[in-house]
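Residues per chain, in single letters:
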Amino acid sequence: MPSEKKISSASDCISFMQAGCELKKVRPNSRIYNRFFTLDTDLQALRWEPSKKDLEKAKLDISAIKEIRLGKNTETFRNNGLADQICEDCAFSILHGENYESLDLVANSADVANIWVSGLRYLVSRSKQPLDFMEGNQNTPRFMWLKTVFEAADIDGNGIMLEDTSVELIKQLNPTLKESKIRLKFKEIQKSKEKLTTRVTEEEFCEAFCELCTRPEVYFLLVQISKNKEYLDANDLMLFLEAEQGVTHITEDMCLDIIRRYELSEEGRQKGFLAIDGFTQYLLSPECDIFDPEQKKVAQDMTQPLSHYYINASHNTYLIEDQFRGPADINGYVRALKMGCRSIELDVSDGSDNEPILCNRNNVTTHLSFRSVIEVINKFAFVASEYPLILCLGNHCSLPQQKIMVQQMKMVFGDKLYVEAPLSSETYLPSPEKLKRMIIVKGKKLPSDPDVLEGEVTDEDEEAEMSRRLSVDYNGEQKQILLCKELSDLVSICKSVQYRDFELSMKSQNYWEMCSFSETEASRIANEYPEDFVNYNKRFLSRVYPSAMRIDSSNLNPQDFWNCGCQIVAMNFQTPGPMMDLHTGWFLQNGGCGYVLRPSIMRDEVSYFSANTKGIVPGVSPLALHIKIISGQNFPKPKGACAKGDVIDPYVCIEIHGIPADCSEQRTKTVQQNSDNPIFDETFEFQVNLPELAMIRFVVLDDDYIGDEFIGQYTIPFECLQPGYRHVPLRSFVGDIMEHVTLFVHIAITNRSGGGKAQKRSLSVRMGKKVREYTMLRNIGLKTIDDIFKIAVHPLREAIDMRENMQNAIVSIKELCGLPPIASLKQCLLTLSSRLITSDNTPTVSLVMKDNFPYLEPLGAIPDVQKKMLAAYDLMIQESRFLIEMADTVQEKIVQCQKSGMEFHEELHNLGAKEGLKGRKLNKATESFAWNITVLKGQGDLLKNAKNEAVENMKQIQLACLSCGLSKAPSSGAEAKSKRSLEAIEEKESGEENGKL
């Protein structure tokens, strides 16, 4: 595409095609030929050269074109040996003739492919009036609106205005544009017309606005979803929201409301259409944000034990600079609490005038009074979150000043202090819900003896302890300090104890006791005992703090410890960078309340999970994440960059963070010298084995030979992603949202082997044809238990086969429809119906409900192409029906095996001892038992979810068939019958659920 002119209308596409360009022609025999393609001046045919054919044969009539597909979505592309070397976004196919033969082409860039696809679709849809666009270009809704804007600003009514006025007017309409760029565009237009005056005509104003304010990628999208119009009506918008954006329960009135709020022209608002400028505004609005709005409020179960949540935690909260020289600052607490932090640190020492203080012991010149700090904490404790706040108390005070601390905390916090003694009858900590608006003190505690008024406890000075451990003469003994009973009594459910080993902890540690681990120690344990660390953290709180070696206050990678289930990973909030980005991004979910529920596989009492897993997680279905980086908007120059002036060469990195098996990174190509609207148009695919622990980080960098410089980033939990076309709001290095700086992306989440998740993620894709994988149960070595688990082998295979067969059938129908793998079933049915309805709008098939399932029956003889599609459709319905009808029976068998196995859980060690299992063999048997229970529970849940998805698919297919006109007669009787069938599917499903309950 010519870089000097952007595509902003159908006529721009037609002009480009008439000028012609080189495309690669792909043949089924794996050969690829370079050919020069042009569109005839009369818009009637497409021609290419050189060719061995006659000139009249090396052409394709526009009237013969049936369909234009973007991407590698024909048999030729799928079976071509070189297909992997062809970019998905540069490929397109033209299907023509009664047999739907394909002309398969590859452009030099995604831009060029989009121009050909948009232009050809426009011509095919307007084949009866091929010259309409030539006349109507100046009468489109957009031009009519721009004329009214110009006329309103043209006070004199002369049809011209000063350049300054025109520049200001465009700035008002699009505040992101730079004034210098607008003036340059006017100069270009005036120079092309050899004008000497700087006054601007109406035509020049419209031309400048369209070239400056049209984002080609948004224009191509609008043309695609509007069926080749230059605007969207309510039906177009409804289909876009349902099929692409994953919005459920959308109505025409809701779409009209969106149009009224975002369309810029009065005429558009009244007539109910959304032109390119309003559509661009809508896509940039919070309604199209990549972050799921449901996660902007508390959306998780908050009644689980405290140990089942990740907790937003700060290290050395009183610092706003590095820990070596930085002064103590009260703003450290304000910042952390406003960011939803739920665990903060107070290192308290003796001060003068009998007043405890907080200070950095490497910089004692500045200190804070303890009272002033807790008053600020009391003020901001529950501003960002109502859930409990943990005060990690580092006590270095004498007994008299400890008592003053207690008095001040009781006076300032009052009833908010949680001092209830833990109940020995309980086995888990209270929930965040139960502890709402409570302040919990973490610290050392004296033995529960009413006669003891003071006593010695080990010192809580983590930095000093680390220094002692690193010293040559360290003998393993910890420093002791005196603790008064009053301060000890403030500690209830977060009593600090020393970690020895997991075996001792699991036997003797109380649920209200918690251990703190240095980064180094936690890393060692995570590497040596990953499964034990996860199991330990099911019942007990663990706190991990950065190494004392980090004198620059750099941050550890929190993901390494979240993978082990560690709840409190303390971060240096004062130090921005990739690690803090991960932490901030992670705690955006669940309403930013500072508590995030861990995956069930890390909470269930009997479950197997290893933090170091490098493959599929038992009982969890891997997902495929498809990300298309389309474009960027308004990238700023990197801070401190001076070598290249205002020019930047941006590229985008996509990082996946999670368990080791999921960690991955890919990058786009570099776009040279474009910061305003660089077009990337590149698609990436990632396999995610444990979605609940995964995060995606988008990073934009400036490609420079000296060293790539940071432009912006955005980090989001996998579970918060919204599917469809989304704008990603980029953050600066210090974490601030940058105004108008965005990435435009497309997101799709699908099942790895062919099926999708329910509702907004019910999409299907094939990630390469693989041998079917069955999750195997493990042999425990105890015959009684192994015999029970053997009964589950056949139901497990049945469950996996049913899910995979249904998913593969969905993939097959999509491939025959020529849709990209991430398309929704609704899009699939729309494409299918277009093939099954004749040119005079008569359907060749009819929707027939058999036992409440939507079958399609031919209304006479149909071509082989249609027979093939109907056979694939029938297979999809049959596989879905089989799954719906058999799922409950198979699931019941799996659940029964799980229950029978769990009856031996308490006696597992005794049974093992009787069979002579001990030490490592007994541990292996316990691990295998947990693995099997995890597999059974996970596969049972997956089958249940697959049934729900299949039921939802049947409803959506029936509705889509009705809306596409694939019913014998649109009579009220037929509609009523179809409605009853839909209700029957719903009633059948709810009846089965109630029966289970």
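Whatever comes next refers back to the structure up there.
All values reported here derive from a predicted model rather than from experimental measurement.

What follows concerns unusual backbone geometry. Here E49 and P50 are connected by a cis peptide whose omega angle stands at -5°. For P50, the position within the fold is in the loop between β3 (45–49) and β4 (59–61). Within the chain, R437 stands out as a residue other than glycine whose phi angle is a positive 60°. Judged by relative accessible area, which is 41%, R437 ranks as partly exposed.

So, on to the pairing of strand β34 (residues 853–858). One ladder, built from six bridges, connects strand β33 (residues 845–850) with β34; its direction is antiparallel. Bridge assignment links L847 to a residue of β34, and that residue is L856. Between the end of β33 and the start of β34, which pair antiparallel, lie two residues, with D851 showing a positive phi angle near 55°.

Our next topic: the side chain of Q402. With respect to the helices and strands, the residue Q402 is situated in helix α16 (residues 399–413). The class for Q402 is buried, based on a relative accessible area of 0%. A distance of 2.8 Å separates the side chain of Q402 from the backbone oxygen of L482, its partner in a polar contact. Other than its neighbours up to four places away in sequence, Q402 contacts N395, C397, L482, L483, C484 and L487.

Attention now goes to the packing of helix α3 (residues 110–125) against helix α9 (residues 216–225). One can describe the packing of α3 onto α9 by two numbers: an axis separation of 10 Å at closest approach and a directional angle of 30°. In terms of axis orientation, α3 runs roughly parallel to α9. As for how α3 packs across α9, the hand of that crossing is left-handed. Every residue of α9 that contacts α3 at D111, N114, I115, S118 and R121 is listed here: F220, V223 and Q224.

Quick look at the environment of L847 now. Counting through the fold element by element, L847 comes out in strand β33. Looking at L847, the relative accessible area reads 10%, which means it is buried. On a C-alpha basis, the gap between L847 and L966 in space is 5.7 Å, while along the polypeptide they are 119 residues apart. Not counting residues up to four positions away in its chain, the partners in contact with L847 are P854, Y855, L856, Q958, C961, L962, L966 and S967.

With that out of the way, let us pick up the pattern of salt bridges. All chains considered together, the criterion is met by 49 salt bridges. In this structure, K66 engages E98 in a salt bridge whose closest nitrogen and oxygen atoms are separated by 3.2 Å. Highlighted residues: K66 in strand β5 (residues 65–70) and E98 in the loop between β6 (91–96) and β7 (101–106), separated in sequence by 32 residues. Judged by relative accessible area, which is 36%, K66 ranks as partly exposed. For E98, a relative accessible area of 62% gives the class exposed. Between K507 and E503 there is a salt bridge; the shortest N-O distance is 3.5 Å. Of this pair, K507 and E503 both sit in helix α19 (residues 502–508), four residues apart, which is roughly one turn of that helix. Taking relative accessible area as the criterion, E503 reaches 56% and is therefore assigned exposed. Connected through shared salt-bridge partners, E163, D164, E179 and R183 make up one network.

Cut-off values and rules
Residues numbered from 1 in each chain as written. Predicted model: local features only at pLDDT ≥ 70, side-chain atom pairs only at ≥ 80, totals over all residues. Heavy atoms only, no water. Helix = DSSP H or I, 4+ residues; strand = E, 2+ residues; numbered from the N terminus. Buried < 20%, exposed > 50% of the residue type's maximum accessible area, 1.4 Å probe, protein only. Pairing = 2+ DSSP bridges. Polar contact = N/O pair within 3.5 Å; in protein donor to acceptor, adjacent residues only side chain to side chain. Contact = heavy atoms within 4.5 Å. Axes fitted to C-alpha atoms, helices over the stretch in contact; angles between N-to-C directions. Parallel < 35°, antiparallel > 145°, perpendicular 65-115°, else oblique. Left-handed = near helix turned anticlockwise from the far one by under 90°. Salt bridge = Lys/Arg side-chain N within 4 Å of Asp/Glu carboxyl O.

These figures capture arrangement, not role.
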